[in-house]
Amino acid sequence: QLQLVESGGGLVQPGGSLRLSCAASGGTVDYYSIGWFRQAPGKEREGVSCIGGRDGAMYYADSVKGRFTVSMDNAQNAVYLQMNSLELEDTAAYYCAATTWYSCPSLHTSDFEAWGQGTQVTVSS
C-alpha cells in the first residue's frame, strides 16, 4: 500500500520561498500521479498541482501558476513542490495525494486515493 509523508512546511514572510517534500513508501512514485492540495481554516480543500508519473505532465491551479513548481525524483521516490513568491493567501495545510492513474486526471480531491497527513505553511509578515 502506498504511503505518503509530507514535510518542509513552516513560517515564511510574504515573497519568500519554501520547498515541500512528499516521500513515498510501499510503491514507486512514477507508477502514480501525485497531486498537491491545500486547505485553509474554514475553506474547502483545493487542488494546487499534479504531476504524472508516467507522462511527466504537470498541472497547476490558476492561483499558483508561475509561482509554484512540482517535480518528481525517482531516485528519492519523492515528489516536491517548490513555492516561490509566497502570499498571505497561500497559508494552509498542504497535502500530497496519489492516484493510480498514470496521468493526472484532475485537481479534484475525489480523484485521489492515498493521502499524507499534511504539513502547515504559514505566510506572515
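Everything below is about the structure printed above this text.
Residues numbered from 1 in each chain as written. Predicted model: local features only at pLDDT ≥ 70, side-chain atom pairs only at ≥ 80, totals over all residues. Heavy atoms only, no water.

What about the sheet that holds strand S8 (residues 78–83)?
Here comes step 1: Spatially, the four strands line up as an open sheet ordered S1-S3-S8-S7, and their pairing is antiparallel. Each edge of the sheet is formed by a strand with only one pairing partner; in this case those strands are strand S1 (3–7) and strand S7 (68–73). The sheet shows a mean angle of 15 degrees between the axes of neighbouring strands, taken without regard to direction.
Here comes step 2: Of the strand pairs in this sheet, S1 and strand S3 (residues 18–25) are connected by five bridges, and their pairing is antiparallel. Considered in S3, the bridge of Val5 is made with Ala23. (Pairing = 2+ DSSP bridges. Helix = DSSP H or I, 4+ residues; strand = E, 2+ residues; numbered from the N terminus. Axes fitted to C-alpha atoms, helices over the stretch in contact; angles between N-to-C directions.)

Structural notes on the side chain of Ser106
Here comes step 1: Along the polypeptide, Ser106 turns up in the loop between strand S9 (92–99) and strand S10 (114–115).
Here comes step 2: By relative accessible area, Ser106 is classed as buried at 17%.
Here comes step 3: Polar contacts involving the side chain of Ser106 include one to the main-chain amide nitrogen of His108, which spans 3.0 Å.
Here comes step 4: Separated by 2.3 Å, the side chains of Ser106 and Asp111 make a polar contact.
Here comes step 5: Sequence-distant contacts of Ser106, defined by excluding residues within four places in its chain, comprise Asp111 and Phe112. (Buried < 20%, exposed > 50% of the residue type's maximum accessible area, 1.4 Å probe, protein only. Polar contact = N/O pair within 3.5 Å; in protein donor to acceptor, adjacent residues only side chain to side chain. Contact = heavy atoms within 4.5 Å.)

A short note on the packing of aromatic side chains
Here comes step 1: Summed over the entire model, instances satisfying the criterion amount to three aromatic pairs.
Here comes step 2: For the pair Tyr31 and Tyr102, a centre-to-centre distance of 6.4 Å together with 70 degrees between the ring planes defines the contact as edge-to-face. Of this pair, Tyr31 sits in the loop between S3 and strand S4 (33–39) while Tyr102 sits in the loop between S9 and S10; the two residues are 71 residues apart in sequence, bridging distant segments of the chain.
Here comes step 3: Relative to Phe112, the ring of Phe37 lies with its centre 5.0 Å away and its plane at 75 degrees, an arrangement referred to as edge-to-face. Note that Phe37 is positioned in strand S4 and Phe112 in the loop between S9 and S10, a separation of 75 residues in sequence. Both residues of the pair, Phe37 and Phe112, belong to the buried class.
Here comes step 4: By the ring-pair criterion, three or more aromatic residues cluster together here, those being Phe37, Phe112 and Trp115.
Here comes step 5: Over the ring of Tyr80 we find Arg19, and its NZ or CZ is 4.2 Å from the ring centre.
Here comes step 6: Above the plane of the ring of Tyr95 lies Arg45, whose end atom (NZ or CZ) is 3.8 Å from the centre. (Phe/Tyr/Trp six-rings, centres within 6.5 Å; stacked < 30°, edge-to-face > 60°. Lys NZ or Arg CZ within 6 Å of the ring centre and 35° of its normal.)

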